[in-house]
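Close look at the chain arrangement
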Protein chains: 2
Amino acid sequence: MAGCRGSVCYCCRWCCCCGERESRTPEELTILGETQEEEDEILPRKDYESLDYDRCINDPYLEVLETMDNKKGRRYEAVKWMVVFAIGVCTGLVGLFVDFFVRLFTQLKFGVVQSSPLAVEECSQKGCLALSLLELLGFNLTFVFLASLLVLIEPVAAGSGIPEIKCYLNGVKVPGIVRLRTLLCKVFGVLFSVAGGLFVGKEGPMIHSGAVVGAGLPQFQSISLRKIQFNFPYFRSDRDKRDFVSAGAAAGVAAAFGAPIGGTLFSLEEGSSFWNQGLTWKVLFCSMSATFTLNFFRSGIQFGSWGSFQLPGLLNFGEFKCSDSDKKCHLWTAMDLGFFVVMGVIGGLLGATFNCLNKRLAKYRMRNVHPKPKLVRVLESLLVSLVTTVVVFVASMVLGECRQMSSASQISNGSFQLQITSEDVNSSIKTFFCPNDTYNDMATLFFNPQESAILQLFHQDGTFSPVTLALFFVLYFLLACWTYGISVPSGLFVPSLLCGAAFGRLVANVLKSYIGLGHIYSGTFALIGAAAFLGGVVRMTISLTVILIESTNEITYGLPIMITLMVAKWTGDFFNKGIYDIHVGLRGVPLLEWETEVEMDKLRASDIMEPNLTYVYPHTRIQSLVSILRTTVHHAFPVVTENRGNEKEFMKGNQLISNNIKFKSASQPRLSYAEMAEDYPRYPDIHDLDLTLLNPRMIVDVTPYMNPSPFTVSPNTHVSQVFNLFRTMGLRHLPVVNAVGEIVGIITRHNLTYEFLHSRLRQHYQTL
Amino acid sequence: MAGCRGSVCYCCRWCCCCGERESRTPEELTILGETQEEEDEILPRKDYESLDYDRCINDPYLEVLETMDNKKGRRYEAVKWMVVFAIGVCTGLVGLFVDFFVRLFTQLKFGVVQSSPLAVEECSQKGCLALSLLELLGFNLTFVFLASLLVLIEPVAAGSGIPEIKCYLNGVKVPGIVRLRTLLCKVFGVLFSVAGGLFVGKEGPMIHSGAVVGAGLPQFQSISLRKIQFNFPYFRSDRDKRDFVSAGAAAGVAAAFGAPIGGTLFSLEEGSSFWNQGLTWKVLFCSMSATFTLNFFRSGIQFGSWGSFQLPGLLNFGEFKCSDSDKKCHLWTAMDLGFFVVMGVIGGLLGATFNCLNKRLAKYRMRNVHPKPKLVRVLESLLVSLVTTVVVFVASMVLGECRQMSSASQISNGSFQLQITSEDVNSSIKTFFCPNDTYNDMATLFFNPQESAILQLFHQDGTFSPVTLALFFVLYFLLACWTYGISVPSGLFVPSLLCGAAFGRLVANVLKSYIGLGHIYSGTFALIGAAAFLGGVVRMTISLTVILIESTNEITYGLPIMITLMVAKWTGDFFNKGIYDIHVGLRGVPLLEWETEVEMDKLRASDIMEPNLTYVYPHTRIQSLVSILRTTVHHAFPVVTENRGNEKEFMKGNQLISNNIKFKSASQPRLSYAEMAEDYPRYPDIHDLDLTLLNPRMIVDVTPYMNPSPFTVSPNTHVSQVFNLFRTMGLRHLPVVNAVGEIVGIITRHNLTYEFLHSRLRQHYQTL
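For clarity, every value in this text was computed on a predicted model and none was experimentally measured. (Residues numbered from 1 in each chain as written. Chains lettered and ligands numbered in written order. Predicted model: local features only at pLDDT ≥ 70, side-chain atom pairs only at ≥ 80, totals over all residues. Heavy atoms only, no water.)

As for helix α28 (residues 719-729) of chain A
All names here are of chain A. Counting buried residues in α28 gives 11 out of 11 residues, a clear majority hidden from the surface. Those residues of α28 lying buried are Val719, Ser720, Gln721, Val722, Phe723, Asn724, Leu725, Phe726, Arg727, Thr728 and Met729. Just past α28, the residue Gly730 takes up positive phi, approximately 65°. (Buried < 20%, exposed > 50% of the residue type's maximum accessible area, 1.4 Å probe, protein only. Helix = DSSP H or I, 4+ residues; strand = E, 2+ residues; numbered from the N terminus.)

A few points about the interface of chain B and chain A
Note on interface size: it is often stated as the accessible area lost on association of the parts. Tallying the contact residues gives 84 residues for chain B and 85 residues for chain A. Between chain B and chain A, a total of about 8,100 Å² is buried, with carbon and sulfur atoms accounting for 65% of that surface. For the interface between chain B and chain A, the tally reads zero salt bridges. Counting every contact that joins chain B to chain A gives six residue pairs in polar contact (both at pLDDT 80 or more). If you tally residues by element for the side of chain B that touches chain A, the top one is helix α12 (residues 277-303) of chain B, at eight residues. (Contact = heavy atoms within 4.5 Å. Buried area = accessible area lost by both parts, 1.4 Å probe. Salt bridge = Lys/Arg side-chain N within 4 Å of Asp/Glu carboxyl O. Polar contact = N/O pair within 3.5 Å; in protein donor to acceptor, adjacent residues only side chain to side chain.)

Here we look at the side chain of A:His583
Residue and element names in this part refer to chain A. Relative to the helices and strands, His583 resides in helix α23 (residues 579-586). Classification of His583 as buried rests on a relative accessible area of 9%. Excluding residues that lie within four positions of it along the chain, His583 makes contacts with Pro163, Asn358, Ala362 and Tyr484.

Side note on the packing of helix α19 (residues 493-515) of chain B against helix α20 (residues 522-538) of chain B
Each pair of packed helices can be described by the angle between their axes along with the distance between the axes. Residue and element names in this part refer to chain B. Direction vectors running N to C along α19 and α20 enclose 135°, while the axes themselves pass 6 Å from each other. With respect to each other, α19 and α20 are oriented oblique. In this structure, α19 crosses over α20, and the sense of that crossing is right-handed. For the contact of α19 with α20, the class distribution of residues is 14 nonpolar, five polar and two charged. (Axes fitted to C-alpha atoms, helices over the stretch in contact; angles between N-to-C directions. Parallel < 35°, antiparallel > 145°, perpendicular 65-115°, else oblique. Left-handed = near helix turned anticlockwise from the far one by under 90°. Nonpolar A, V, L, I, M, F, W, Y, C, P; charged D, E, K, R; others polar.)

Describing the packing of aromatic side chains
For the coordinates displayed, the defined rule picks out 58 aromatic pairs over all chains. Aromatic pair A:Phe477 and A:Phe533: ring centres 5.8 Å apart, planes at 55°, arrangement tilted. Here A:Phe477 is found in helix α18 (residues 466-483), whereas its partner A:Phe533 is found in helix α20 (residues 522-538), with 56 residues between them in sequence. With respect to burial, A:Phe477 and A:Phe533 carry one shared label: buried. Ring plane angle 10° and centroid distance 5.7 Å describe the contact between B:Phe105 and B:Phe192, whose orientation is recorded as stacked. (Phe/Tyr/Trp six-rings, centres within 6.5 Å; stacked < 30°, edge-to-face > 60°.)

Some details on the pattern of salt bridges
Scanning the model with the defined rule gives 23 salt bridges over all chains in all. A salt bridge links A:Lys80 to A:Asp240, with the shortest nitrogen-to-oxygen separation between them at 3.9 Å. Placement of A:Lys80 in helix α4 (residues 70-115) and of A:Asp240 in helix α10 (residues 238-257) is noted, with a sequence separation of 160 residues between them. As far as burial versus exposure is concerned, A:Lys80 and A:Asp240 are alike and both buried. B:Glu164 is the partner of B:Arg587 in a salt bridge, and the nearest nitrogen-oxygen pair spans 2.3 Å. Residue B:Arg587 is located in the loop between α23 (579-586) and α24 (605-608), and its partner B:Glu164 is located in helix α7 (residues 162-170); the two are separated by 423 residues in the primary sequence. Given the relative accessible area of 33%, B:Arg587 is considered partly exposed. One network of salt bridges, with partners in common, ties together A:Asp99, A:Arg103 and A:Arg298.

Observations concerning unusual backbone geometry
Residue and element names in this part refer to chain B. Even without glycine at this site, Arg539 takes up a positive phi of about 60°. Take Arg539: it is sitting in the loop between α20 and α21 (542-552). A relative accessible area of 6% places Arg539 in the buried class. Positive phi outside glycine occurs at Asn553, with the angle close to 55°. Tracing the chain through its elements places Asn553 in the loop between α21 and α22 (558-573).

Description of the relation of the copies chain B and chain A
Between chain B and chain A, which share one sequence, the superposing operator has a rotation angle of 180° and an axial displacement of 0.0 Å; the RMSD is 0.1 Å. Seen this way, the second copy is the image of the first under a two-fold rotation axis. (Least-squares fit on C-alpha atoms with pLDDT ≥ 70 in both.)

Overview of the environment of B:Gly210
All names here are of chain B. Inspection of the secondary structure assignment puts Gly210 in helix α9 (residues 203-216). Put simply, Gly210 and Gly95 are 115 residues apart on the chain and 8.7 Å apart in space, counted from C-alpha to C-alpha. Residue contacts for Gly210: discarding those within four places in its chain leaves Thr91, Gly248 and Ala249.

Digging into the pairing of strand β12 (residues 733-737) of chain B
Two faces belong to every sheet, and in a regular strand the side chains alternate between them. Residue and element names in this part refer to chain B. Of all five residues making up β12, five are buried, and the element is well covered by its neighbours. Residues His733, Pro735 and Val737 of β12 are buried on one face, and the alternating residues Leu734 and Val736, pointing to the opposite face, are buried as well. Of the pairings in the sheet, the one linking β12 to strand β13 (residues 743-748) comprises five bridges and is antiparallel in character. Residue pairing for β13: His733 is matched across the bridge by Thr748. In textbook terms, the turn of a hairpin is the stretch between consecutive antiparallel strands, and for β12 and β13 this stretch comprises five residues, one of which, Gly741, has a positive phi near 85°. (Pairing = 2+ DSSP bridges.)

Examining the side chain of A:Ser160
Residues and elements named next belong to chain A. Within the element layout of this structure, Ser160 appears in the loop between α6 (129-153) and α7 (162-170). According to the relative accessible area criterion, Ser160 is buried, its value standing at 1%. There is a polar contact of 3.0 Å between the side chain of Ser160 and the backbone nitrogen of Ile162. The contacts of Ser160, once residues within four sequence positions are left out, are Lys186, Gly204, Pro205, His208, Tyr484, Ser490, Gly491 and Tyr580.

Quick word on the UniProt feature "domain: CBS" (unreviewed entry) in chain A
Using the residue numbers shown here, the UniProt feature "domain: CBS" (unreviewed entry) corresponds to residues 706-762 of chain A. Between the end C-alpha atoms of residues 706-762 of chain A the distance is 37 Å, and the span holds 35% helix and 23% strand. (UniProt positions renumbered as here; feature names shortened; annotations may be inferred.)

Points about a nonpolar patch on the surface
Taken together, the side chains of A:Val341, A:Val342, A:Val345, A:Ile346, A:Leu349, A:Phe574 and A:Phe575 present a nonpolar region at the surface, about 620 Å² in accessible area. Positionally, A:Val342 belongs in helix α13 (residues 334-368). (Patch = residues over 30% accessible without salt bridge, like charges linked within 9 Å, V, L, I, M, F, W, Y side chains within 5 Å. Areas by Shrake-Rupley, 256 points an atom, 1.4 Å probe, with all protein chains shown as cover.)

Re a positive patch on the surface
Taken together, A:Lys71, A:Lys72, A:Arg74 and A:Arg75 make up a surface patch of like positive charges. With respect to the secondary-structure elements, A:Lys72 resides in helix α4. (Lys, Arg positive; Asp, Glu negative; His and termini not counted. Charge placed at Lys NZ, Arg CZ, Asp CG, Glu CD.)

Observations regarding the packing of α7(A) against α23(A)
Residues and elements named next belong to chain A. Relative to each other, α7 and α23 sit at 75°, their axes nearing to 9 Å. When the axes of α7 and α23 are compared, the pair comes out roughly perpendicular. In contact with Ile162, Pro163, Lys166 and Cys167 of α7, α23 contributes Tyr580, Asp581, His583 and Val584. Grouping the amino acids of the contact of α7 with α23 by side-chain chemistry returns five nonpolar, one polar and two charged.

A word on the confidence of the model for chain A
Residue and element names in this part refer to chain A. When pLDDT is averaged along chain A, the result is 78; 78% of the residues meet or exceed 70. Overall, residues 407-425 carries pLDDT values under 50, and its contacts beyond four positions in sequence, including any with other chains, amount to 42 contacts. Scored below 50 in pLDDT, residues 644-668 shows 90 contacts in the model against residues more than four places distant or in partner chains. (pLDDT = per-residue confidence, 0-100.)

Quick word on the environment of A:Thr717
Relative to the helices and strands, A:Thr717 resides in the loop between β11 (706-707) and α28. With a relative accessible area of 3%, A:Thr717 lands in the buried category. Placed 186 residues apart in sequence, A:Thr717 and A:Ala531 show a C-alpha to C-alpha distance of 41 Å. Once you skip the residues sitting within four places of it in the chain, A:Thr717 turns out to touch A:Leu603, A:Arg604, A:Ala605, A:Val722 and B:Ser709.

Describing the environment of A:Leu315
All names here are of chain A. Inspection of the secondary structure puts Leu315 in the loop between α12 (277-303) and α13. Considered as a pair, Leu315 and Asn576 are 261 residues apart in the sequence and their alpha carbons are 28 Å apart. Excluding residues within four positions of it along the chain, Leu315 makes contact with Glu203, Ala256, Phe257, Glu451, Val494, Leu497 and Ser551.

As structure tokens, this is what we get:
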């Protein structure tokens, strides 16, 4: 399966080949069982490494274990709780920071646009609208330029960050995604991209930020800032780090949506490791800490009521409630469920279309934008910003409808409780380009922060004409689709919700006005539309359901939201994958699915394993160790005795390297656990090793560092069992051992990806 | 570790011994490393079998697999979704049934007590109170007698059922707990025990009922009613059954509390298998179905508004809300968190006391009540009912305080929305024994359904005097403690909540009146008190948090509830286990913990495995197979080749038996998967086997039925890794295989229980 394509360098597991080849010949493809069409797909790249969730209980670790007792265990546990609390609080503060500055910048911008001499309302009378537009453009382009510059510094900071976190929690090491520099670029970048009026959300980046906080904080050191380094030698393993990243990501969700339970489930859904009771409880605590830290400070800063916890998450849907006077009003009835199912189907179709378009665009970008100088990316961002601003401005001017400011458009639903003050909502109705006592419905949607526009769609009665909603939906859909993927930090949740809410509101309007179903509650339909579209785009299941339920703070919406999301997901899955999975796939990350398909059980471990192994003997010369490490990309080798068979144990190469360097320089008999963990997570590169410091003919005993009892499978184990074991235990490599204890092959993440299994299944059918 | 105590029959793994022995001698105990004190503890019994979550991919299953393709897989998946939906709906209907009749019986009873010629209010003037008491006693004793009789029919129906479901989801087969007869006895029993005025809840039994529905429905047959049998050969394995039981239990929680997310987490917390994305999604759907089925019918029946979904779960806490006029009112502030922590500590202490008392009582019952004729159990139930009724009556008469019916005690908080009509609440204020315009606060707590009393404590302002609350708490605490464990179906959630709410309300009263903290919101304190006490008793973590948040329908209570539950759990765990774990322990069920303690990693697989194995050869005479099966209680044997070593495979005995019987009678060359699964879950007993039907000297080939590739571990694997593998994969037996592929021992659930590991650790320390 390994091959080279274009100028990308593909690595097979045991050797690296780089070169220029245009494409495989049709014959080659037939041999591989692939068709030309599938060749378009990007295959998982082999140079990604797995994280290791399994503990390597080797001799140094055993020494640590010997000194461990339950008391120390409890102390360690207590430290974990404190760290988790700190992660939650810090993530909450990051959220607060982002929210505060986005709010500040947006207010600044709209303030100037609305009240300066060049304000839209004045200019529409004075005829200086072109200058107003230029003023707005000036703001937006500057902000987007800054966001784009930050992404140039750290390219991993682009996009929503959820695909990256998905990969990390799935067990793939993606370089740079949990570094402090990434955090800074992401946080400042998202400030500017949101304030710059792009159709992007801040929720995805906040989840990413939470994950970085989770990864970095417990290390008490930073690779980006080498000076920050305390003597805190805990949690130096992939296992601990992944736990904290789970907690951090959950805290990010919790802060973004005010949804601590949804956050916990998000971590579980993406992390998908075994259900670890203690960890889940900590993750929930971390999420709660984040939510209520944010809550505490926002209540204090915005309302001056320090000590109360009135404000929910950054994204809040307000309270859906029938007015007390209308006894016959129901938020939804059994009959509405039928409409919700249809809306789910449409949402799924729209989402699939969105994903399909975005995928083509992303591929186009990979071919045409990424190879060019980095400046081109900045220019693309600026172009998007320019078009977006012009569209927003022109659409409001030309396409908006002036509607009567009736009492019905006031807060008629009793919908806004304490948390969303009525001024907020009233002030978000825009009268641009409209005579007195009327307002511009298109401008109300476009010239507001996206969150306010969502609230308008959810809670204002009779405000928007169907034509406006349809036009808004189309314009927003296309621009959001174009935007996701440019080089700025950009979330996808809020744009999808807004787009979907417009669609849902449109459905409600049509049903009310043209079909004559007067009883329906428009807000519910807008919410369901939002859920349907978002579900169709991201295809998340349980966590999205819970996040939306928590955001509405209304358990009775559980059933309609769940049914809509289910239908939207199933409809969308019929056509393509979720947007995050598409972007993960485009990067060639070998993500493991939830489970294998039924047919895969026709394969066994021996069909998919890598049979050509590089062995290491228990006593090996430094010379040969170094040459093995330099010529292979993976970092785990079976340690076998001379007659090859009676030992089937493992060691990790990367640890070995740093160890041996120290071993030589310190002339110690053996390394301690602390010394081994010291360089985590960046061990020195083997290629940087100065061999002159070592005696290359010296013989090293590798047995202390190997894992004497790894999980193993027999060659005729079925693929579903292998997959379950590998995924559930979070393994990095799984040796295949025959009936007499000889190691006959090895299975890594790459042998379990969907693409690899499928190619093997085709081979299997051909040999039948 | 195997031994015989009292008249209980203990089975070691390889042989069974029954007999009368009083106790072990101190010498024996010292040898076993036990102290006299620990002898009091009930050790896990060895006769419980594990469920098998791992698939046994043997030849018949392979045949099924060969015919499988992705299309069939999808159809199978679709059937699963439909079944899960059906489970949800049925569980909802069961909940509806229980709720409807409990309501009916209670109304009947209180109606008579309040309005008959012997009504309390009239008699307190006429002086016929003794007759009123007798009337009440007549009702209560009859109901409790009926409940008790039903438990005599099916003893497993006693208690809350949560311990049994815990065991099942943990992977232990407890006979009879998921049978139709159990369901019927439980459902009707709980009707009568709740209506009979006992201090028991209906929530636990509802969870049990949901689990039975989940286990039974997909089988389309019943052991209790043999005539109900359709030709529906799906889902005939422990693996599928356990999935459906998870879904059913979650649906039970969802129906009982209106908490679909909490229900899902309950299943996960107790099931603790690996996080299976597809399953979790189905479980949530099942929970939603149950919640909204119940919701739909209750809205229709009670409010006549068919098609709306206004009513949440059976247990609902009403809406906590500050009145609109009081701008300074906050449900809770940062300062209150300190009080909540203290309340958590007290709740933990009270819960630990409750558990300790109840454990002693349960042990007393095991020694003195259970060996006696069954009638004694009925008498005990009647005695409890008698005492409860008299206490309720006398306390209301003597200890209640007559308080002014002020406007403040009316619905001042704006607390009761649609779902709890104001008549409900007003009518639940009782004026017994009190002059006009006053009411009796003790009677208001005692002479109401427990749910109404909880609502009173949560939402009525200034209604209860501190003395009344304190007395109520003490009486209720003692009676509830005595009640849990008698032979009636009896939940523990509602009594704990009510008890805790009284405690919380007491704290609020004291703080308000004596400390002068006027700003606090009493309802929040009552809620936190309820959470603290419940948490101290049951020690559940994440699922309880979510259930309570969903019951309040108020996400802002997340932090205080979580902190309180955490503190209560930690405090309680300092003294003893949760009540469910205590009762599981008393039954000697070998439950597996969440994870092993840190110190356990000093042990390895070879230290804990069972080294004496019974082997089977690939070709064995029927005679020897039968004798092996008759003399061993476990049902899995390594199949080894003659030179003992090169094969390490397994077969399951119980399947083997039924197979062989058929094998002989049908003279088929080999059995199909459908034939093997036909008798699931009750295979014929080996002792019932009529050997004359078989040719005992005939040789059977067992290889088609064995599992050719089980998970294995090496002898020097550490205990935590063994434990993780076993628990996560839901195994029944884990062979230990040495470096040359020979099987050297076997690990089952019994080798991984807390008690067994501890005894081995003591041995380990002694040999050091």
